[in-house]
Amino acid sequence: MPQLSGLAIIGSGSAVPPAYLDNAGLSQLVDTSDEWISTRTGIRQRHLAAPEESLCSLAAEAARRALEMAALNAIDLDLIILATSTADDLFGSASKIQAEIGATKAVAFDLTAACSGFVFGMVTAAQYIRTGAYQNVLLIGADILSRWTDWSDRRTCILFGDGAGAIVMQAAESDQFLGFELRSDGSQNDCLTLAFQPQPQPLTQGISVGQGNFQPIQMNGQEVYRFAVKKVPEVIEKALFRASLTVEQVDWLLLHQANQRILDAVAERLGIPEHKVVSNMGNYGNTDAASIPLALDQYVRSGQIQPGDVIAAAGFGAGLSWGSALFRWGR
Ligand code: UT7
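Residues numbered from 1 in each chain as written. Predicted model: local features only at pLDDT ≥ 70, side-chain atom pairs only at ≥ 80, totals over all residues. Heavy atoms only, no water.

Novice: Got a minute to help me understand the nonpolar core in this structure?
Specialist: Within soluble globular proteins, side chains that are nonpolar tend to cluster in buried spots. Grouped together as the largest cluster of nonpolar side chains are 47 residues, with contacts concentrated most on Ile-236, Leu-253, Leu-255, Phe-316 and Leu-326. The set of elements that each furnish at least two residues to this core consists of helix 6 (221–242), strand 13 (252–255), helix 7 (260–270), strand 14 (310–317) and strand 15 (321–328). Element by element, the count of residues in this core is highest for helix 6, at 9 residues. Per-domain counts for this core show at least three residues from each of domain 1 (6–175) and domain 2 (179–186 + 218–328). Membership of the second largest hydrophobic core comes to 35 residues, among which are Ile-167, Met-169, Leu-296 and Ala-325. (Core = buried A, V, L, I, M, F, W, Y, C linked by side-chain atoms within 4.5 Å. Buried < 20%, exposed > 50% of the residue type's maximum accessible area, 1.4 Å probe, protein only. Helix = DSSP H or I, 4+ residues; strand = E, 2+ residues; numbered from the N terminus. Domains from an automatic or database assignment.)

Structure representation (structure tokens):
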């Protein structure tokens, strides 16, 4: 087979846990209301994983659906990238998913870039395909943030939900991956953390180790909001410039589903009309690395996103990190 330097995004799939909590239910946990949550965020409900569910099982379900849409067998996968911040195992969960779906030929690894993880993963996958190293790549974005949420903190617990989404990317003659821009700013790391807190544990004379736990999500909501509204349009414009496309040629603005007000503000800054803005956070909340592929899959399966449509995707969040990926949907 001749080496192909282009790539196409040929399938999507998603999965969420069956149980969900609406704003009225949340109002019984913390001092909030459906009115506050829906007007400030656009979120009405979020799906939550039960204790016996795992990130791997959710991710594997999304993966199987994406493979089915792509008409590809798991055995034909060369690479699996799992974008997540909430792996079942800190050593990584991608290999377990590889085994679960029977992708025995594929190498698999985790990638952590919080809510930017899916976009960072897309760009990473694209490099492997462009160099000719791999032909068929499965990219999964999956998170179970409910396990790391402080359910007594009304400033954060209203936002998050659990889910998984996946896409299949394949080497192709005609290139559908049009441009990208990735950024990090660790000087603002404190704005959004899920950090390990070590407690000194003396072992022998003069030697101590730090043992402890990860602390629940801490966020400076206003700072993150300001950062997103300012920085996301910049990376989308940069990717458009690199692809020699204008904003009018974008069919869909597919942002990380953090807050409807952020989506609206970014769309307004870019001059993208409301009907081109992908939004499903009302039903799912902020599902971290899963939010972009979850929304993509929903719009593809409902027939709203059509083959050939130009999609401007962007993720943003902890790190701080942010990035855009510009692509055409389908073969
Ligand atoms: O995926 C990672 C990226 N994360 C994000 O993109 C999150 C970005 N930030 C946001 O989406 C918003 O900042 C929030 C939705 C988190 C908060 O909205 P806000 O409009 O920035 O609210 P605020 O923090 O300025 O709080 C306004 C008021 C405060 O009361 P006072 O001090 O004005 O009396 C809060 O105590 O609203 C209060 N408040 C609430 N009231 C009812 C905060 N949370 C709640 C709540 N219910 N859940």
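Structure shown, so let's carry the discussion forward.
Novice: I'm lost on the UniProt feature "domain: Beta-ketoacyl-[acyl-carrier-protein] synthase III N-terminal" (unreviewed entry) in the protein in this one. Help?
Specialist: Residues given the UniProt feature "domain: Beta-ketoacyl-[acyl-carrier-protein] synthase III N-terminal" (unreviewed entry) here are residues 109–186. Taken as a whole, residues 109–186 contains 18% helix and 40% strand, while its terminal C-alpha atoms sit 23 Å from one another. (UniProt positions renumbered as here; feature names shortened; annotations may be inferred.)

Novice: I'm lost on the sheet that holds strand 4 (residues 79–83) in this one. Help?
Specialist: One key point about sheets: their strands pair by backbone hydrogen bonds, in either a parallel or an antiparallel sense. Ordered by their spatial adjacency, 5 strands build an open sheet running 1-7-6-4-5, and the pairing between neighbours is mixed. Because the sheet does not close on itself, it has two edges, and the strands there are strand 1 (6–15) and strand 5 (107–111). Sheet twist, expressed as the average angle between the axes of neighbouring strands with direction ignored, equals 20 degrees. Strand direction decides the pairing type here: strand 4 and strand 6 (residues 136–144), joined by 5 bridges, are parallel. Note on strand 6: the bridge partner recorded for Ile-80 is Leu-138. (Pairing = 2+ DSSP bridges. Axes fitted to C-alpha atoms, helices over the stretch in contact; angles between N-to-C directions.)

Novice: What is the right way to read unusual backbone geometry from this model?
Specialist: Residues other than glycine predominantly adopt negative phi, and peptide bonds predominantly adopt the trans conformation. In the segment running from Gly-319 into Leu-320, the intervening peptide bond is cis, with an omega of -10 degrees. Mapped onto the elements, Leu-320 comes out in the loop between strand 14 and strand 15. For Ser-244, which is not glycine, the phi dihedral falls at a positive 55 degrees. Positive phi is not limited to glycine here, since Asp-288 has a value of about 60 degrees. Topologically, Asp-288 is positioned in the loop between helix 8 (281–284) and helix 9 (291–301). Judged by its relative accessible area of 4%, Asp-288 falls in the buried class.

Novice: Help me understand the domain arrangement of the protein, please; the structure alone is not making it clear to me.
Specialist: Bring the parts together and some accessible area is lost; that lost area is often taken as the interface size. Here the domain parsing of the protein yields domain 1 (6–175) and domain 2 (179–186 + 218–328). Taking the mean C-alpha position of each, domain 1 and domain 2 sit 16 Å from one another. Every contact between the two is made by 46 residues of domain 1 and, on the other side, 39 residues of domain 2. The junction of domain 1 with domain 2 conceals about 3200 Å² of combined surface from both sides, 63% of it contributed by carbon and sulfur atoms. Among the residues of domain 1 in contact with domain 2, Cys-115, Val-119 and Phe-120 are the three that bury the most area, contributing 18% of the side total. The interface formed by domain 1 and domain 2 contains 0 salt bridges. Taken together, the connections running from domain 1 to domain 2 amount to 18 residue pairs in polar contact (both at pLDDT 80 or more). Counting only elements with at least two residues in the side of domain 1 that touches domain 2, the list comes to strand 1, helix 2 (34–41), strand 3 (45–47), helix 3 (55–70), helix 5 (117–130), strand 6 and strand 7 (162–172). Taken together, the residues of the side of domain 1 that touches domain 2 break down into 21 nonpolar, 17 polar and 8 charged. (Contact = heavy atoms within 4.5 Å. Buried area = accessible area lost by both parts, 1.4 Å probe. Salt bridge = Lys/Arg side-chain N within 4 Å of Asp/Glu carboxyl O. Polar contact = N/O pair within 3.5 Å; in protein donor to acceptor, adjacent residues only side chain to side chain. Nonpolar A, V, L, I, M, F, W, Y, C, P; charged D, E, K, R; others polar.)

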